[in-house]
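Inside the fold
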Amino acid sequence: MNKVQECARALGEAIIASDEYKNMQIAESAAMNDPAATEAMSRFMELRSMLNTAMSMPEPDAAQIAKYGQEMDELQQTLNNMPSIDAMTSSRQAFSAMM
């Protein structure tokens, strides 16, 4: 079992030392320090929570659900067009491909 733990530790250290991981960390930090991006992400999460609540009601309001969905789609498009979010998404994809 000790050999397995040693290999797991070595793998973890290699992952942390990889350019993909480092680039992802930098891009995530930049996105989190972008006021417009963090505001948009917060609003998106708020809308998702409101949508989930609306959908779990005994008699869901289809118009309200559609409104939340539309707002989320628009906000997702806004997020996708932000350079900091685009960089974060790209770096996450590169990290995932490495894994």
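In what follows, the structure referred to is the one given above.
Residues numbered from 1 in each chain as written. Predicted model: local features only at pLDDT ≥ 70, side-chain atom pairs only at ≥ 80, totals over all residues. Heavy atoms only, no water.

Helix and strand counts for the protein chain stand at 5 helices and 0 strands. Written out in order from the N terminus, the α and β elements of the protein chain read α-α-α-α-α. Dimensions of the protein chain along its principal axes, counting C-alpha atoms only, are 55 × 35 × 20 Å. Counting all 99 residues of the protein chain, 23% fall into the buried class. A sequence separation of at least 24 residues applies to 70% of the contacts in the protein chain between residues at least 6 apart. Accessible surface, the protein chain: about 7000 Å² in total, of which carbon and sulfur atoms supply 56%. (Helix = DSSP H or I, 4+ residues; strand = E, 2+ residues; numbered from the N terminus. Buried < 20%, exposed > 50% of the residue type's maximum accessible area, 1.4 Å probe, protein only. Contact = heavy atoms within 4.5 Å. Areas by Shrake-Rupley, 256 points an atom, 1.4 Å probe, with all protein chains shown as cover.)

It is the contact of helix α1 (residues 2-17) with helix α2 (residues 19-32), at a shortest axis distance of 5 Å, that shows an interaxial angle of 55°. The orientation of α1 relative to α2 falls into the category oblique. Contacts between α1 and α2 involve Ile 15, Ile 16 and Ala 17 from the former and Asp 19, Tyr 21 and Lys 22 from the latter. Taken together, the residues of the contact of α1 with α2 break down into 4 nonpolar, no polar and 2 charged. (Axes fitted to C-alpha atoms, helices over the stretch in contact; angles between N-to-C directions. Parallel < 35°, antiparallel > 145°, perpendicular 65-115°, else oblique. Nonpolar A, V, L, I, M, F, W, Y, C, P; charged D, E, K, R; others polar.)

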